[in-house]
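This is what each chain is made of:
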Amino acid sequence: MLSIAEIKRIIDDDASSEKKKIAAVGQKYYEAEHDILKYRLFYFNADGNLVEDTTRANNRICHPFFTILSDQLSSFMLSFEENPIRAKEKVEGLQEHLDLYFDSKFWAEIGEVITGAYNKGFEYIYGYKGKKNRRVFECADSMGVVEVRAKDTDDGCEYIIYWYVDRIEKGKKKIKKIQVWSEKETHYFVQNGDSGKIEKDHSEKINPRPHVVYTDEETGEKFGSSLGYIPFWRLDYNKKQFSGLKPIKGLIDDYDLHACSLSNNLKDFDTPIFAVKGFEGDDLSELQQNLKTIKTVGVGEGGDVEIRTVEIPYQARKEMLLIDKEGIFMFGMGFDPTQVGDGNITNVVILSRYALLELKANKLQDRLEGLMDQLIEVVLAEINEEFETDYQLSDIEYKFTRSMMTN
């Protein structure tokens, strides 16, 4: 079993790893926290020093295209009307069992897994015994899952460390729950704050806890058993576990920059500049007050007032925004809901707009089916043990019939 010092070191090392840093960026963009929020304006002052400009407008607006693309993918992949996990026609009684396990709550968790895999590059799902003594699956945030291997070259995990923030005390202090899973049991720990000491979680009555705990109805005695494996499974978005954000992050950042620059220009130059010649007033304050209130100003002989405006490159920025948006949906392989067309919208046109989204969904579906194979094998083993049947994975087929809007 890992020591508390080893657990803390492993969690800290994982949090600072390049893999988790890249995954965190994808999750931030899904939550509309873009790099534009860090944007600052500078200028060189009279002494030649670079200083921050706090007088000019600096609107920092995030445009959550990545949120749209992510939710599109998960919703589209799960847009079927009936359970896509189907028992083959000649296999009797199996479909009823499958519908109990793979119900709407299960597919809601799979939706979270798909979203997490797209946002961060990989996401986990784990299984446990529910109240009805039936296997239940739940999404586990990959940012809090650490795979621990005896050697880096090992295929299987020796331990899985799963941590999550249970609550926040006094608005700042995070209370972390930490679970260390092995092939035999689960150890529970708690940590007060990110840098706090990790201690054994005394709120857990059984610690360490076997994977499955049974209670004798007559005596009330509890006894447990081991699964012989760690019930965590991972869905990768691609082989390198890169987020779907990677090919479009630059385009989203460019869109944010141009849109915010246009907003800043409009804010900075929303009033005209007055060029006054031969002003006879006492000072400029009087001039400014007159312009704001009575809209008049007195000038001397040969005097004049010219109103000058700054031309904002609106059309150029607008064209750039359209180019960026088109690139985001094209290279992000999504459906652009703002497309209007020329009014001649046929089913062929509509289906063509779904082409890239369907291609992206098909690629991820192959990986999703691989994950489902592992979950179904666990479910079938449980069904066979309880009902003394001999169902096999070969008795099941997938029918993902996704729906698309048509005319």
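In this report, we go over the structure that sits alongside the text.

1. Quick word on the overall build of the chain
Part 1 of the argument: Scanning the chain from terminus to terminus reveals 10 helices and 17 strands.
Part 2 of the argument: Across the 407 residues that make up the chain, the buried fraction comes to 39%.
Part 3 of the argument: A separation of at least 24 residues holds for 60% of the contacts in the chain among residues at least 6 apart in sequence.
Part 4 of the argument: Element-wise, carbon and sulfur atoms account for 50% of the exposed surface of the chain, whose accessible area totals about 24300 Å².

2. Quick look at the nonpolar core
Part 1 of the argument: Within the largest apolar cluster, 55 residues are counted, with the highest numbers of intra-cluster contacts made by L73, F102, W107, I110, I114, L368 and M372.
Part 2 of the argument: Here this core takes 12 residues from helix α10 (residues 355–387), the largest share from any one element.
Part 3 of the argument: When near neighbours in sequence (up to four residues on either side) are disregarded, I110 contacts L78, I125, L368 and M372.
Part 4 of the argument: With 13 residues, the next largest nonpolar core counts I10, I161, V180 and F189 among its residues.

3. Brief notes about the packing of helix α2 (residues 18–30) against helix α5 (residues 104–120)
Part 1 of the argument: Viewed as axis vectors pointing N to C, α2 and α5 meet at an angle of 115 degrees, and their least axial separation amounts to 7 Å. Contacts between α2 and α5 pair A23, G26, Q27 and Y30 from the former with T115, N119 and K120 from the latter.

4. Observations concerning the packing of aromatic side chains
Part 1 of the argument: For the coordinates displayed, the defined rule picks out 23 aromatic pairs.
Part 2 of the argument: With 5.4 Å between their ring centres and 75 degrees between their planes, W181 and F232 make a pair best called edge-to-face. Remark: F232 occurs in strand β14 (residues 232–236) and W181 occurs in strand β8 (residues 173–181); sequence separation between them is 51 residues. Take W181 and F232: they sit in the same class, and that class is buried.

5. Observations regarding the packing of helix α3 (residues 65–77) against α10
Describing two packed helices takes the angle between their axes plus the distance from one axis to the other.
Part 1 of the argument: Where α3 contacts α10, the two axes come as close as 10 Å, and the packing angle between them is 65 degrees. Taken as a pair, α3 and α10 cross one another with a handedness that is right-handed. Where α3 approaches α10, its residues L69, Q72, L73, F76 and M77 are matched on the opposing element by L357, E358, K360, A361, L364, Q365 and L368.
Part 2 of the argument: Of the residues belonging to the contact of α3 with α10, the class tally is 8 nonpolar, 2 polar and 2 charged.

6. Some remarks on the sheet that holds β14
Part 1 of the argument: Taken in spatial order, the 3 strands line up as β5-β4-β14 in an open sheet, and their pairing is antiparallel. The sheet is open, and its two borders are formed by β5 (135–140) and β14, each paired with just one other strand. Adjacent strand axes in the sheet meet at a mean angle of 25 degrees when their direction is disregarded.
Part 2 of the argument: In the sheet, strand β4 (residues 122–129) pairs with β14 via 5 bridges, with the strands oriented antiparallel. Along β14, the bridge assignment pairs Y126 with F232.
Part 3 of the argument: Sitting on the sheet, α5 is in contact with β4, β5 and β14, with an inclination near 150 degrees to β4.
Part 4 of the argument: The sheet contacts of α10 involve β4, β5 and β14, and relative to β14 the element is tilted by about 165 degrees.

7. Looking at α5
Part 1 of the argument: Taking 1.5 Å per residue as the helical rise, α5 with its 17 residues ought to reach 24 Å, and the 24 Å between its terminal C-alpha atoms agrees with that figure.
Part 2 of the argument: Burial analysis of α5 places 12 of its 17 residues in the buried class, which makes it a mostly covered element.
Part 3 of the argument: Immediately beyond the C-terminal end of α5, within one or two residues, lies G121, with a positive phi of roughly 100 degrees.

8. Description of empty space enclosed by the protein
Part 1 of the argument: The final tally for this structure, using the stated rule, is 1 cavity of 30 Å³ or more.
Part 2 of the argument: Approximately 30 Å³ is the volume attributed to the largest cavity.
Part 3 of the argument: Lining of the largest cavity is provided by K8, I11, D12, K176, Q191, D194 and I198.
Part 4 of the argument: For the lining of the largest cavity, the element with the highest residue contribution is helix α1 (residues 4–15), accounting for 3 residues.
Part 5 of the argument: For the lining of the largest cavity, a count of residues per class yields 2 nonpolar, 1 polar and 4 charged.

9. Remarks on α10
Part 1 of the argument: End to end, α10 covers 44 Å across 33 residues, agreeing with the expected 48 Å (1.5 Å per residue, within 8%).
Part 2 of the argument: The largest bend in α10 amounts to roughly 25 degrees and is located at Q365.

10. Looking at the pattern of salt bridges
Part 1 of the argument: All chains considered together, the criterion is met by 17 salt bridges.
Part 2 of the argument: A salt bridge links D35 to K249, with the shortest nitrogen-to-oxygen separation between them at 2.6 Å. You can see D35 sitting in the loop between α2 and β1 (42–44) and its partner K249 sitting in helix α6 (residues 249–268), a full 214 residues away along the chain.
Part 3 of the argument: Its relative accessible area of 22% is what places K249 among the partly exposed residues.
Part 4 of the argument: The structure contains a network of salt bridges with shared partners spanning E147, R149, R234 and D236.

11. Describing the side chain of R135
Part 1 of the argument: Looking at the element boundaries, R135 is found in strand β5.
Part 2 of the argument: Given the relative accessible area of 7%, R135 is considered buried.
Part 3 of the argument: Setting aside residues no more than four positions away along its own chain, R135 makes contact with Y101, G127, Y128, K129, L227, Y229, V378 and E382.

Cut-offs used in this document
- Residues numbered from 1 in each chain as written.
- Predicted model: local features only at pLDDT ≥ 70, side-chain atom pairs only at ≥ 80, totals over all residues.
- Heavy atoms only, no water.
- Helix = DSSP H or I, 4+ residues; strand = E, 2+ residues; numbered from the N terminus.
- Buried < 20%, exposed > 50% of the residue type's maximum accessible area, 1.4 Å probe, protein only.
- Contact = heavy atoms within 4.5 Å.
- Areas by Shrake-Rupley, 256 points an atom, 1.4 Å probe, with all protein chains shown as cover.
- Core = buried A, V, L, I, M, F, W, Y, C linked by side-chain atoms within 4.5 Å.
- Axes fitted to C-alpha atoms, helices over the stretch in contact; angles between N-to-C directions.
- Phe/Tyr/Trp six-rings, centres within 6.5 Å; stacked < 30°, edge-to-face > 60°.
- Left-handed = near helix turned anticlockwise from the far one by under 90°.
- Nonpolar A, V, L, I, M, F, W, Y, C, P; charged D, E, K, R; others polar.
- Pairing = 2+ DSSP bridges.
- Expected span 1.5 Å × (residues − 1).
- 1 Å grid on protein atoms, 1.4 Å probe; cavity = no way out; pocket = protein on both sides within 12 Å on 5 of 7 lines; lining within 4 Å.
- Points joined across faces, edges and corners; volume = space filled by probe spheres on them.
- Bend = angle between axes of the 7 residues up to and from the residue.
- Salt bridge = Lys/Arg side-chain N within 4 Å of Asp/Glu carboxyl O.

So yeah, pure geometry; function would need other evidence.
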